[in-house]
Amino acid sequence: MSSMFSQIPGIRFGFGHKTALMPESLHPFRASMPEKKQVHGTRICDVTEAGEHCGDADALYTRHSGILLTVLTADCLPVLFSRRDGQRIAVAHAGWRGLIDGILERTAACIARDDDLAHWHAIIGPAAAPCCYEVDEALYARFCQELPYAQSLIAPRPRYLDLAAIARAKLLEMGFASAETTGQCTICTPESDSAAVNHFRYTSFRRNTHRRERNPSHPGIKGRNQYSGLVILP
Ligand SMILES: [Zn+2]
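Predicted, not measured: the structure shown is a model, and the values here were computed from it.

S.K.: Help me understand the overall build of the protein chain in this model?
M.R.: The helix and strand tally for the protein chain stands at 5 helices and 11 strands. Computed over the C-alpha atoms, the radius of gyration of the protein chain is 17 Å, within 12% of the 17 Å expected from 2.2 N^0.38 for a compact globule of 234 residues. For the protein chain, the C-alpha atoms occupy an extent of roughly 50 × 40 × 35 Å along the three principal directions. For the protein chain, with 234 residues in total, the buried portion stands at 53%. Pairs at least 24 residues apart make up 64% of the contacts formed inside the protein chain by residues separated by at least 6 positions. Counting every atom, the protein chain has about 10,800 Å² of accessible surface; 50% of that belongs to carbon and sulfur. Of the charged side chains in the protein chain, 26 are positive and 24 negative; the average position of the first set lies 4 Å away from that of the second.

Below you can see the structure in the form of structure tokens.
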């Protein structure tokens, strides 16, 4: 991983995968995680204490150290945010619905209450990528209508959405200093250890749904999505 983001002092961040749903480096802070229910909505919670009950929320913000902010994903975008001095952080869960409805804009508005977005960096983690994320004509049309620049980012074939590129364009347009993508696809990235029981690196809702369409007895993935998150080190 390149990264403006990895050069930020005083934070620790990571992206989980199938065999380590929460990155090991974040485990020491697990007990501090706020409780929240992700609903593909646009509400952001300003967290002030460890273990806080946030209710329905798809984004979290804090200026307090030692509180691990995470989102759970299985094809949606996990987006991590940090001030360049590592003194304030945020995290957002953005699927296609959140992107259209404005979860990133709401997160930016929360940050911009008392700061300049130019002081902030963002990084977008593993998610459904355009190699695999085919959508129907109606959703494609909706993206083109509501996010005019999206049309040029739906590539390389028609109707394959590049959620990360759309999010990145939004973030840069809003004024964030940088917005990186890790590029890994949750649907098709293979497990690097060829002996692994799991053939794929990430939990994928889409891949799982397609399997269940073929075999209704295939187990669901409830509770097994991967965590992405970050914390201001105490
Ligand atoms: Zn793929």
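S.K.: I tried to follow the sheet that holds strand β11 (residues 226-232) on my own but got confused; where do I start?
M.R.: Hydrogen bonds between backbone groups are what pair the strands of a sheet, and the pairing can be parallel or antiparallel. Spatially, the 3 strands line up as an open sheet ordered β1-β11-β6, and their pairing is antiparallel. Each of the sheet's edge strands pairs with one partner strand only, and the pair in question is β1 (11-15) and β6 (69-73). Adjacent strand axes in the sheet meet at a mean angle of 10 degrees, parallel and antiparallel pairs treated alike. Where β1 lies against β11, 5 bridges are found, and the strand directions are antiparallel. In the strand pairing of β11, I11 is matched with I232.

S.K.: Honestly, the sheet that holds strand β8 (residues 89-94) in this entry has me stumped. Any pointers?
M.R.: Sheet architecture is open: 6 strands sit in the order β3-β5-β8-β7-β9-β10, paired in mixed fashion. The strands lining the two open edges of the sheet, one partner per strand, are β3 (44-47) and β10 (178-181). In this sheet, neighbouring strand axes are inclined to one another by 15 degrees on average, regardless of whether the strands run parallel or antiparallel. One ladder, built from 4 bridges, connects strand β9 (residues 120-124) with β10; its direction is parallel. Following the sheet pairing, H121 is matched in β10 by S178.

S.K.: What should I look at first to understand the state of the cysteines in this one?
M.R.: Working definition of a disulfide: a covalent bond connecting the sulfur atoms of two cysteines. A complete count under the given rule lists 0 disulfides for this structure. The structure places no disulfide on C54, whose sulfur is separated from the nearest cysteine sulfur, that of C45, by 3.0 Å. Residue classification places C54 among the buried residues on the basis of a relative accessible area of 4%.

Rules behind the numbers
Residues numbered from 1 in each chain as written. Predicted model: local features only at pLDDT ≥ 70, side-chain atom pairs only at ≥ 80, totals over all residues. Heavy atoms only, no water. Helix = DSSP H or I, 4+ residues; strand = E, 2+ residues; numbered from the N terminus. Rg over C-alpha atoms; globule rule 2.2 N^0.38 Å. Buried < 20%, exposed > 50% of the residue type's maximum accessible area, 1.4 Å probe, protein only. Contact = heavy atoms within 4.5 Å. Areas by Shrake-Rupley, 256 points an atom, 1.4 Å probe, with all protein chains shown as cover. Lys, Arg positive; Asp, Glu negative; His and termini not counted. Charge placed at Lys NZ, Arg CZ, Asp CG, Glu CD. Pairing = 2+ DSSP bridges. Axes fitted to C-alpha atoms, helices over the stretch in contact; angles between N-to-C directions. Disulfide = S-S within 2.5 Å.

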